[in-house]
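Observations on the model geometry
Each chain, written out:
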Amino acid sequence: MAAANDDPVVLTQLGGSGLTVLLTGGLLPERGLSDPVSQRMSRTWLPGAEEPVTQVMGPSQDAVTLTGYARDEMAGEGAAQTLDARLRRMAREGVPVRLEWGGQLDKVVMIERYAPEWDDLGSLRWTLEVAVDVSHGDEARPARPAMEAIEDLAREADAAVAEARALLPGGAP
Amino acid sequence: MPVYYPRCLVRLEPVLDDFGATETDALDRQPAIEVIPESAAWECRPPGEAGVATVAIPWRDLPLDPRTLRDVRLSLYVWDAGAPTLGALGYSELAQVFVGFVDEPESAHGETAQTVTLSARDYQGRLMDTSSQTVSVRADRPLSACIRQVIDESGVPGFGDPAQHPAGLGLAIRLPDGDPTLQSVTGKSRWTPPSRASVWDVIAAMCRTLGMRAGFRLGDLIVRRPQPIDPERVKLFVYGQNVRELRFRRDLRPYARKGVRAVAWAPADRRLVEATYPDPPPDEVVVLQVEEGAWTPATLRQRAEALYHALGEREMTGRLDTVVMEDLDEATLTTLRSGDVISVRLRSGDPAVLHGMSRGEIVNHLIRHGVRPGVAEALADAWLQAEGGLATVYAVDRAAHEWSAADGYRLGIDFRSVIVPQEG
């Protein structure tokens with residue numbers, strides 16, 4: 001499910017002080033967030049060969065970066081300073097944080113860096129870099145056709161069980 | 001485009017130390033632990049040397065403290081998860097590349113990493129470490145029974161009968177060429193092993209007496225007669241296609257040659273035949289077993305002479321490195337071991353290099369570079385004649401394999417041109 005434009009970004013500490021930061025409306029990340037993923041691979045051009053030898057070792061989740069601009073005139077009196085205090089405390093406590101954005105993003109992360117820049121006491125430009133520990137919904141799949149075949153089999157088995165249940169007296173439970 | 005998905009798994013079967021709380025025999029092998037390592041290296045070495053493996057495992061992934069280990073059997077599996085031949089899971093016993101016992105578990109803790117490094121040798125290593133306690137064996141029993149007697153009497157750790165020793169693994173002995181008796185060659189009722197020898201030395205001596213060779217292939221002890229080269233099993237390497245780095249060495253210095261004693265099994269006579277070259281031999285003699293056949297003293301002497309000249313004059317050694325997991329015939333390379341036969345060719349796509357050119361191309365190339373036509377033709381003939389005499393088939397001396405989570409699979413092969421038939 002994709003995130004709607006007005007879905008809030010929610011940061012919830014899983015431990016520590018149990019803080020929650022809700023970024024909504026004017027506090028939403030100004031430039032959204034970047035969520036890159038890499039494939040670890042080595043490519044070697046053997047002498048004389050017309051194609052490289054590629055070894056694929058598996059995907060890795062790179063750091064997620066959120067960038068925002070909180071202004072009191074958009075979010076209310078004291079909003080920039082409150083946001084700064086909470087993000088700073090989260091960064092300093094160093095406990096896992098759940099990062100959610102609508103149905104699009106749901107990850108357990110560690111805050112690596114929080115960088116605030118003040119234009120004035122009511123205007124805060126901030127950057128948050130987080131390392132992803134657990135990514136829900138977009139887990140890395142083994143890059144092998146055989147695994148996909150097993151998943152297909154599992155889906156077929158599920159469908160067969162559902163059909164069988166439907167034939168039972170009273171239909172499917 | 002060759003694309004591989006190299007994967008690695010380590011299986012550990014530990015026996016934990018109870019620090020004197022119970023009798024040794026009462027200790028049981030713990031359930032196997034399977035871990036994905038950070039890196040692994042395994043090397044298949046020439047006969048007489050045990051194969052080795054080293055794996056590095058993240059400390060947090062190992063559910064036991066390495067300091068509590070008394071004994072560990074280590075199996076290493078490496079496979080291409082994209083290969084369709086290894087079953088639905090992409091991993092099976094076919095992927096096993098090493099099995100042996102850990103010699104040294106080492107755990108290192110620091111700011112940057114916490115890693116457990118396990119160094120192991122294959123089963124041959126443990127047999128080499130254990131002194132033989134056998135005084136003599138009955139020569140009228142099959143060879144396999146004699147080998148079992150030596151192992152059992154010497155109490156090789158970990159090799160006991162699983163029915164009697166909870167931590168024992170037993171040992172599979174395979175003799176595809178038959179299970180002869182020592183008496184069939186010696187004619188005596190008892191056979192006495194060399195004194196102060198290791199269990200492995202005694203097994204090797206028994207096999208030599210029968211013109212056979214012993215070697216481990218993973219967990220099985222294979223005893224058989226030397227086999228001629230099977231062209232189907234020759235792995236193909238071509239510099240210019242599937243080789244990253246290639247070196248050839250040839251030692252041109254004159255040196256004191258060793259004599260050669262060729263030993264072969266003559267099945268029609270049911271006896272070993274020997275021939276030495278030169279005759280009388282110099283002080284040092286290399287004993288080489290050759291494949292069985294209808295050898296006469298004269299034909300075997302010719303073979304010994306050919307081996308003598310090959311060793312003394314024409315032996316070429318080399319090394320190649322590659323990152324492919326299959327050769328050009330799509331045979332897997334992760335199980336390549338010492339004694340396997342490879343074909344190594346040099347082909348260059350560089351238009352300024354003569355390798356791979358036909359006679360006409362060489363002549364034209366030389367003429368373009370100012371050589372007169374008659375001289376160019378003579379040079380081309382000499383070049384092709386010399387190149388045609390070069391060996392292209394080599395025996396693997398050492399096969400050093402590496403896998404790491406960051407860089408994938410690497411293979412380094414030391415090879416030599418003089419090929420003596422190998423077991424298996």
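Residues numbered from 1 in each chain as written. Chains lettered and ligands numbered in written order. Predicted model: local features only at pLDDT ≥ 70, side-chain atom pairs only at ≥ 80, totals over all residues. Heavy atoms only, no water.

Residue and element names in this part refer to chain B. Counted by the stated rule, this structure contains 24 salt bridges over all chains. Of the charged contacts, one joins Arg174 and Asp220 as a salt bridge, the two residues approaching to 3.4 Å between their closest N and O atoms. One end of the pair, Arg174, is in strand E10 (residues 172–174); the other, Asp220, is in strand E13 (residues 220–224), and 46 residues separate them in sequence. Classification of Arg174 as partly exposed rests on a relative accessible area of 41%. When its relative accessible area of 24% is taken as the criterion, Asp220 is described as partly exposed. A salt bridge links Arg359 to Asp381, with the shortest nitrogen-to-oxygen separation between them at 2.6 Å. You can see Arg359 sitting in helix H6 (residues 359–368) and its partner Asp381 sitting in helix H7 (residues 373–388), a full 22 residues away along the chain. Overall, Arg359 belongs to the partly exposed group, its relative accessible area being 37%. Connected through salt bridges with shared partners, the residues Glu43, Arg45, Glu49 and Arg398 form a single ionic network. (Salt bridge = Lys/Arg side-chain N within 4 Å of Asp/Glu carboxyl O. Helix = DSSP H or I, 4+ residues; strand = E, 2+ residues; numbered from the N terminus. Buried < 20%, exposed > 50% of the residue type's maximum accessible area, 1.4 Å probe, protein only.)

Once that is clear, we can look at the interface of chain B and chain A. The partner chain A presents 20 residues to the 28 residues of chain B that form the contact. The junction of chain B with chain A conceals about 2000 Å² of combined surface from both sides, 56% of it contributed by carbon and sulfur atoms. Between chain B and chain A we count zero salt bridges in total. For the pair chain B and chain A, the number of links is nine residue pairs in polar contact (both at pLDDT 80 or more). The greatest single-element share of the side of chain B that touches chain A, amounting to three residues, is contributed by strand E22 (residues 408–416) of chain B. For the side of chain B that touches chain A, the class distribution of residues is 17 nonpolar, seven polar and four charged. (Contact = heavy atoms within 4.5 Å. Buried area = accessible area lost by both parts, 1.4 Å probe. Polar contact = N/O pair within 3.5 Å; in protein donor to acceptor, adjacent residues only side chain to side chain. Nonpolar A, V, L, I, M, F, W, Y, C, P; charged D, E, K, R; others polar.)

This brings us to the sheet that holds E10 of chain B. Within a sheet, neighbouring strands are paired by backbone hydrogen bonds and run either parallel or antiparallel to one another. Residue and element names in this part refer to chain B. Read across the sheet, three strands follow the order E10-E13-E12 without closing on themselves; strand pairing throughout is mixed. On the outer flanks of this sheet lie E10 and strand E12 (213–217), each paired with one strand and no other. The sheet shows a mean angle of 25° between the axes of neighbouring strands, direction not considered. Here five bridges tie E12 to E13, and the two strands are oriented antiparallel to one another. Residue pairing across strands places Ala214 opposite Val223, the latter belonging to E13. Along the sheet, helix H2 (residues 143–154) makes contact with E10 and E13, crossing E10 at roughly 150°. Set on the sheet, helix H4 (residues 199–209) makes contact with E12 and E13; between it and E12 the angle comes to about 130°. (Pairing = 2+ DSSP bridges. Axes fitted to C-alpha atoms, helices over the stretch in contact; angles between N-to-C directions.)

Moving on, we come to the side chain of Thr130 of chain B. Residue and element names in this part refer to chain B. Checked against the element boundaries, Thr130 lands in the loop between helix H1 (123–129) and strand E9 (137–138). Classification of Thr130 by relative accessible area gives buried; the value is 12%. Reaching out from Thr130, the side chain makes a polar contact with the backbone oxygen of Arg126 at a distance of 2.9 Å. Leaving out residues up to four positions away in the same chain, Thr130 has contacts with Ser154, Val156, Pro157, Ser198 and Val199.

A few words on the confidence of the model for chain B. Summarising the model, chain B shows a mean pLDDT of 84, and 87% of its residues fall at 70 or more. Confidence estimates for the predicted assembly give a pTM of 0.76 and an ipTM of 0.75. (pLDDT = per-residue confidence, 0-100.)

What follows concerns the side chain of Ser338 of chain B. Residue and element names in this part refer to chain B. Relative to the assigned elements, Ser338 resides in the loop between strand E19 (316–322) and strand E20 (341–346). At 3.4 Å, the side chain of Ser338 forms a polar contact with the backbone oxygen of Arg45. A distance of 3.1 Å separates a polar side-chain atom of Ser338 from the backbone oxygen of Asp397. With sequence-adjacent residues up to four places away left out, Ser338 is seen in contact with Cys44, Arg45, Pro46, Pro47, Val396 and Asp397.

This next bit is on the nonpolar core. Residues and elements named next belong to chain B. Of all hydrophobic cores here, the largest spans 48 residues; its most connected members are Leu12, Leu74, Leu76, Leu320, Ile342 and Ile413. The greatest single-element share of this core, amounting to five residues, is contributed by strand E6 (residues 69–80). The contacts of Ile413, once residues within four sequence positions are left out, are Phe237, Gly318, Arg319, Leu320, Leu336, Ile342, Val396 and Arg398. By size, the runner-up hydrophobic cluster in this structure holds 33 residues, among which are Val137, Cys146, Val150 and Trp191. (Core = buried A, V, L, I, M, F, W, Y, C linked by side-chain atoms within 4.5 Å.)

What follows concerns the packing of H6 of chain B against H7 of chain B. When two helices pack together, their arrangement is given by the angle between their axes and by how far apart the axes lie. Residue and element names in this part refer to chain B. Viewed as axis vectors pointing N to C, H6 and H7 meet at an angle of 135°, and their least axial separation amounts to 9 Å. Classed by the angle they form, the pair H6 and H7 counts as oblique. The handedness of the crossing between H6 and H7 comes out as right-handed. On H7, the residues touching Arg359, Ile362, Val363, Leu366 and Ile367 of H6 are Pro373, Ala376, Glu377, Leu379, Ala380, Asp381, Trp383 and Leu384. Partitioned by chemical class, the residues of the contact of H6 with H7 number ten nonpolar, no polar and three charged. (Parallel < 35°, antiparallel > 145°, perpendicular 65-115°, else oblique. Left-handed = near helix turned anticlockwise from the far one by under 90°.)

A word on the pairing of strand E5 (residues 53–61) of chain A. For a regular strand, side-chain orientation follows a simple rule: the groups alternate between the two sheet faces. Note: strand E4 (residues 37–44) of chain A against E5 of chain A, eight bridges, orientation antiparallel. Paired with Ser38 of chain A across the two strands is Ser60 of chain A, which belongs to E5 of chain A.

This part takes up the packing of aromatic side chains. Taken as a whole and judged by the stated rule, the model has eight aromatic pairs over all chains. Over the ring of Tyr69 of chain A we find Arg125 of chain A; its NZ or CZ atom is 4.0 Å from the centre of that ring. (Phe/Tyr/Trp six-rings, centres within 6.5 Å; stacked < 30°, edge-to-face > 60°. Lys NZ or Arg CZ within 6 Å of the ring centre and 35° of its normal.)

For the rest of this paragraph, the subject is the pairing of strand E7 (residues 97–101) of chain A. All names here are of chain A. Only one face of E7 is covered, namely the face carrying Val97, Leu99 and Trp101; the face carrying Arg98 and Glu100 is uncovered. Examined bridge by bridge, strand E1 (residues 9–13) and E7 share five bridges and lie antiparallel to one another. Residue Thr12 lies in a different strand from E7, and its bridge partner there is Arg98.

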